Amino acid sequence: MLTAFSSYLERQRRNFSDLFFVRRRPKWLGVPKEWEAPQDEATYQSLLKSDDFLSAVDFPEDAAAKHPVIVQDMNDIRQYLLPTFYEMSQKSQYYQNLYYFYQWIFIFGAFFTTLFGTLATYNIVGNTETSTAVVTPEADASAQGVGEITPESTTVTTIVSTGNNFWSRTFGIITAIIGALTAFTTTLSNRSEPQKRWGNTRRLAEEMRMHYYKYISHQPPYDGGDRLSKLREIIMKIKEQEYV
């Protein structure tokens, strides 16, 4: 029984952590668009390790001396491929955060527009009274100065606004402001296309990751004598696809 209850709680915890508002929270202070290399070598090596790249700390000094080709490959990659990889990866994180930011604005904007619009309507309805009066033929003829009257009586319904409509006007203004901000954010999102750019820059970063492993394993097209020239050429082609 206790085990089943613990499993249930764990499932609920995972379900909660997968919710959009939990898993996809934007960083409200923003994410830098440009990548800056760490100034500290230890921090840089730790960054490589966290991204599953080979690091200099993976090779003892005697092993590095025995394998100069690997050391040279790592130096080539560090100089030409890794800066571009982290540049694309940083832009991908920037556009991802921007996309989540816009989505949060859309969701909260729609919610509060509906909420305050409903409150404005409720206050208008709440500040009205309906009065009904029965007008007799004699009274109606006397009021109109008509000599001939009809036998039917007339029922008159009057809707009167009571009290002041301060809150209804206030909620109406708030609704208009939130709606305008949401529409403005929609325009910005459509122009900047953060989701498209997020996917494109992430794809380019992962494509360079593939070339990283091909280069250090001397797989085609890096199995010839012009390996470094080929690497630089491919990196330039990948960078050109950023704005395609």
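Residues numbered from 1 in each chain as written. Predicted model: local features only at pLDDT ≥ 70, side-chain atom pairs only at ≥ 80, totals over all residues. Heavy atoms only, no water.

Student: I'd like a description of the packing of aromatic side chains, backed by residues and values.
Tutor: Across all of its chains, the model carries 21 aromatic pairs by this definition. On the basis of an interplanar angle of 70° and a centroid distance of 5.1 Å, the ring pair of Tyr94 and Tyr95 is categorised as edge-to-face. Each residue in the set Trp28, Phe101, Tyr102, Trp104, Phe108, Phe111, Phe112, Phe116, Phe166, Trp167 and Phe171 is aromatic and connected to the rest through ring pairs, giving one cluster. Directly above the ring of Tyr215 sits Arg227, whose terminal nitrogen or CZ lies 4.0 Å from the centroid. (Phe/Tyr/Trp six-rings, centres within 6.5 Å; stacked < 30°, edge-to-face > 60°. Lys NZ or Arg CZ within 6 Å of the ring centre and 35° of its normal.)

Student: Outline helix H8 (residues 194–216), supporting the account with residue identities and numerical values.
Tutor: Between its terminal C-alpha atoms H8 stretches 33 Å, which fits the 33 Å expected from 23 residues at 1.5 Å a residue. Regarding H8, the residues found buried are Pro194, Trp198, Asn200, Thr201, Leu204, Ala205, Met208, Arg209, His211, Tyr212 and Tyr215. Taken from the residues just after H8, His218 is the one with a positive phi, measuring 60°. (Helix = DSSP H or I, 4+ residues; strand = E, 2+ residues; numbered from the N terminus. Expected span 1.5 Å × (residues − 1). Buried < 20%, exposed > 50% of the residue type's maximum accessible area, 1.4 Å probe, protein only.)

Student: Break down unusual backbone geometry for me, citing the residues and quoting the values.
Tutor: Of the consecutive residues Pro220 and Pro221, the connecting peptide bond is found in the cis state with omega at 10°. Looking at where Pro221 falls in the secondary structure, it is placed in the loop between H8 and helix H9 (227–240). You will see that His218, though not glycine, has its phi angle at about 60°, which is positive. With respect to the helices and strands, His218 occurs in the loop between H8 and H9.

Student: Mind laying out the environment of Lys33, listing which residues take part and the relevant values?
Tutor: Looking at where Lys33 falls in the secondary structure, it is placed in the loop between helix H2 (20–23) and helix H3 (41–50). Residues Lys33 and Ser89, spaced 56 residues apart in sequence, show a C-alpha to C-alpha distance of 9.6 Å. If we skip the residues at most four places from it in the chain, Lys33 touches Gln90, Lys91, Tyr94 and Tyr95. For Lys33, the side chain forms a polar contact with the side chain of Tyr95, separated by 3.3 Å. (Contact = heavy atoms within 4.5 Å. Polar contact = N/O pair within 3.5 Å; in protein donor to acceptor, adjacent residues only side chain to side chain.)

Student: Could you give an account of the nonpolar core, naming the residues involved and the relevant values?
Tutor: Counting 19 residues, the largest nonpolar core has Phe53, Leu81, Leu82 and Phe85 as the members making the most contacts within it. The set of elements that each furnish at least two residues to this core consists of H3, helix H5 (68–126), H8 and H9. For this core, the element with the most residues is H5, which contributes 6 residues. Look past the residues within four positions of Phe53 in its chain and what remains in contact with it is Leu48, Asp58, Leu82, Phe85, Tyr86, Arg209, Tyr212 and Tyr213. (Core = buried A, V, L, I, M, F, W, Y, C linked by side-chain atoms within 4.5 Å.)

Student: I'd like a description of helix H7 (residues 166–192), backed by residues and values.
Tutor: Every α-helix winds through 3.6 residues per turn, so residues three or four apart in the chain are directed the same way. Taking 1.5 Å of rise per residue, the 27 residues of H7 would be expected to cover 39 Å, and the 39 Å separating its terminal C-alpha atoms lies within 8% of that figure. At the C-terminal side of H7, Glu193 shows a positive phi close to 50°.

Student: Could you give me a rundown of the pattern of salt bridges, with the residues and numbers involved?
Tutor: Throughout the structure, instances matching the rule amount to 8 salt bridges. Across the pair Asp73 and Arg227 runs a salt bridge, and its minimum N-O distance is 3.0 Å. Here Asp73 is found in helix H5, whereas its partner Arg227 is found in helix H9, with 154 residues between them in sequence. Overall, the relative accessible area of 4% leaves Asp73 in the buried class. On the basis of relative accessibility, which here comes to 12%, the residue Arg227 falls in the buried class. Connected through salt bridges with shared partners, the residues Glu87, Lys91 and Glu242 form a single ionic network. (Salt bridge = Lys/Arg side-chain N within 4 Å of Asp/Glu carboxyl O.)

Student: Give me the lowdown on the side chain of Gln90, citing residues and values where you can.
Tutor: If you trace the backbone, Gln90 turns up in helix H5. For Gln90, the side chain forms a polar contact with the main-chain oxygen of Pro32, separated by 2.6 Å.

Geometry only, nothing functional implied.
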